[in-house]
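Residues per chain are reported as follows:
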Amino acid sequence: MSKILITGATGYVGGTVLSQLLASTAPSVKVLTFDLLIRDDAQAQKLKDAYGSRINTIKWSGLADTSFIEEMASNYDIIINTGSGFIPEGAIAFVNGLARRVKAGEPAPWMLHISGCTNLSDRPLTQPPVPLREWNDEQDSAKILEQMKALDQKEPYSQRTTEIGVLEAAAASGVQAVSVNTPCIFGEGTGLFNQQALVIPLIMMYVIQHGYGWKLNETANFDWVHVLDLADIYVLLVRTILEREDRGVGYIPSGKRGVFFAAVGRTLIKEINQGCLDTAFADGVLPREGTPKQKEIRLVPLQEIADKLTAGRSDIAERGWGGHKATKAVLARKLLGWEPKRLQEAWEKDFYDELVALKENRRLVTMESCIGVTKK
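The rules behind each value
- Think of each chain on its own: its residues are numbered from 1, step by step along the sequence as written.
- pLDDT decides what is reported in this predicted model: residues at 70 or higher carry local features, side-chain atom pairs at 80 or more are listed and counted, and totals for whole chains, interfaces and linings draw on all residues regardless.
- To obtain the side-chain values, all non-hydrogen atoms of the structure were included, while hydrogens and water were left out.
- DSSP calls a pair of strands paired once it identifies at least 2 bridges connecting them.
- Numbering of helices and strands runs from the N terminus; a helix is a DSSP stretch of H or I covering at least four residues, while a strand is a stretch of E covering at least two.
- Only protein chains enter the accessibility calculation, which uses a 1.4 Å probe; a residue whose area is less than 20% of its type maximum is buried, one above 50% is exposed, and one in between is partly exposed.
- The term polar contact refers here to a pair of N or O atoms within 3.5 Å; inside protein, the definition further demands a hydrogen-donor-capable atom paired with an acceptor-capable atom, and it admits residues adjacent in sequence only when both atoms are side-chain atoms.
- Contacts between residues were defined by any pair of non-hydrogen atoms, one from each residue, lying within 4.5 Å.
- An automatic or database domain assignment provides the domain bounds reported here.
- Summed over both partners, buried area is the accessible surface (1.4 Å probe) that two parts give up on being assembled.
- Site definitions follow a grid-based scheme: protein atoms alone, a 1 Å grid, a 1.4 Å probe that fits but cannot get out for cavities, and for pockets an open set with protein on both sides within 12 Å along at least five of seven lines, plus lining residues having an atom within 4 Å of a point.
- Grid points are joined across faces, edges and corners, and a volume is the space filled by probe spheres set on the points.
- Aromatic pairs are defined between Phe, Tyr and Trp rings, using the six-membered ring for Trp, whenever the two ring centres lie within 6.5 Å; interplanar angles under 30 degrees are classed as stacked, those over 60 as edge-to-face, and all others as tilted.
- A positively charged side chain is recorded as over a ring if its NZ (Lys) or CZ (Arg) lies within 6 Å of the ring centre. The angle to the ring normal must also be within 35 degrees.
- Here the axes come from fitting lines to C-alpha atoms, over the contacting stretch only for helices, and the angles between their N-to-C directions go from 0 to 180 degrees.

### Side note on the pairing of strand β3 (residues 55–59)
Logical step 1: As paired strands, strand β2 (residues 34–38) and β3 are joined by five bridges and run parallel to one another. If you follow I38 over to β3, its bridge partner there is K59.

Shown next as structure tokens:
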């Protein structure tokens, strides 16, 4: 019986991953119990009440407690890290703990990390233009990490620094590691706590508040994936590791080739704003007194969007809301049998669902909580 530890189980992605693992009927998964790192006693109790003997909760103080993390991680075969991807020391500590389990003749431990596509984004508003391209996780598997390292050498970016650190630490220690590099995630989560995405809700909030949409340029893009389809990648990774005789070693690319993309569709930032506007006008929420009578998308300053949508972090705002980050997800489909089910129709429906959620006061989570900082 493999021992599996999950971080971020009270979060949007982590809670959904946990619920989908528990719902799986695959023989290799349905017999498993999962250990969860939880900070809050009330949340721990709610998880126990809901999931019973399928989960165990372990209290911790967070990703800053690296000595605790290393010691704890040394007890596990698989760690699914879906907590914040912006704290390098904490994430690398999980790998260092797993490294204590690396022994000749025994199954290698696995680290399944989460990160984001802005790690490969340009900064077209404040830096010289660069050629635009689409990154393919199969064809470019040897180049992706090198590109991130080159970018990080010029300008450290904590989410990217974390992803590099996890994959390089794993490669150096014999730990197997995959980082699922996510695009815009949408849809209602299925965890017990935070069920809210970020991109569409944040833009919808802005549009309803101001009465118009915004853009930083004409070409900034996001790929997208539904949170349930993203969770399926983690379920399939766990199943592949457990069900293959080789435990996925040599089959699942790991370490320096261990970046998996999760893109299903692609859109422009201004198109997301247009979708929010169209939905609000069709619903009758807009226009209202004091707002434009016609649908408008205005060019706005970077710092305004940083202050309102990314906790004052202009570097995150420029990469996410102004940058170009096209990715193609081949490995999950080819190696894991991943078949995303929530496609263009689900993407378009989410605009209406998010407006309803906003009107019902179910959208209270902010970017600050996602990236783990306090707004300046």
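### Remarks on the pairing of strand β4 (residues 78–81)
Logical step 1: Taking every second residue as pointing to the same face, both faces of β4 are buried, with I78 and I80 on one and I79 and N81 on the other.
Logical step 2: Inspection of the sheet shows strand β1 (residues 4–7) paired to β4 by four bridges, in the parallel sense. Bridge assignment links I6 to a residue of β4, and that residue is I80.
Logical step 3: Judged from the four bridges that link them, β4 and strand β5 (residues 110–116) form a sheet pairing that is parallel.

### Brief notes about the side chain of S2
Logical step 1: Looking at the secondary structure, you find S2 in the segment before β1.
Logical step 2: Within polar-contact distance, the side chain of S2 engages the side chain of R247 at 3.2 Å.
Logical step 3: Excluding residues that lie within four positions of it along the chain, S2 makes contacts with L32, D77, L242 and R247.

### Notes on the domain arrangement of the protein chain
Logical step 1: As assigned here, the protein chain comprises domain 1 (4–195 + 223–265) and domain 2 (199–221 + 268–324 + 344–368).
Logical step 2: Computed over C-alpha atoms only, the centres of domain 1 and domain 2 are separated by 28 Å.
Logical step 3: Of the residues lining the interface, 23 residues belong to domain 1; the matching set on domain 2 comes to 23 residues.
Logical step 4: Between domain 1 and domain 2 lies a buried interface of about 1900 Å² when both sides are counted; carbon and sulfur atoms form 58% of it.

### Some remarks on the layout of surface pockets
Logical step 1: Taken as a whole, the second largest pocket encloses approximately 450 Å³ of empty space.
Logical step 2: Lining the second largest pocket are 21 residues, and of these S121, D122, V130, Q147 and L151 sit closest to its centre.
Logical step 3: If you tally residues by element for the lining of the second largest pocket, the top one is helix α6 (residues 144–154), at four residues.

### Describing the packing of aromatic side chains
Logical step 1: This structure, assessed with the given rule, holds 10 aromatic pairs.
Logical step 2: Ring plane angle 80° and centroid distance 6.1 Å describe the contact between Y206 and Y212, whose orientation is recorded as edge-to-face.
Logical step 3: With relative accessibility at 2%, the residue Y206 sits in the buried group.
Logical step 4: Taking relative accessible area as the criterion, Y212 reaches 13% and is therefore assigned buried.
Logical step 5: Ring plane angle 65° and centroid distance 6.2 Å describe the contact between Y206 and W214, whose orientation is recorded as edge-to-face.
Logical step 6: In this structure W214 comes out as buried when scored by relative accessible area, which is 0%.
Logical step 7: By way of ring pairs, the aromatic residues Y206, Y212, W214, F222 and W321 are connected into one cluster.
Logical step 8: Positioned above the aromatic ring of W135 is the side chain of R133, whose terminal nitrogen or guanidinium carbon lies 3.7 Å from the ring centre.
Logical step 9: Taking the ring centre of Y212 as reference, the NZ or CZ of R298 above it sits at 3.9 Å.

### Thoughts on the sheet that holds strand β8 (residues 184–186)
Logical step 1: With mixed pairing, three strands are arranged side by side in an open sheet as β8-β10-β12. Each having just a single partner strand, β8 and β12 (265–268) make up the two edges of the open sheet. When the angles between neighbouring strand axes are averaged without regard to direction, this sheet yields 40°.
Logical step 2: Pairing of strand β10 (residues 221–226) with β12, which is carried by four bridges, proceeds in the antiparallel orientation. Bridge pairing in β12 places W224 opposite G265.
Logical step 3: Each of β8 and β10 is contacted by helix α9 (residues 227–243), which is oriented at about 70° to β10, the strand it contacts most.

### Section: the environment of H226
Logical step 1: Checked against the element boundaries, H226 lands in strand β10.
Logical step 2: Using a relative accessible area of 10% as the deciding quantity, one classes H226 as buried.
Logical step 3: Taking the C-alpha atoms as reference points, H226 and V264, 38 residues apart in sequence, are found 8.3 Å from one another.

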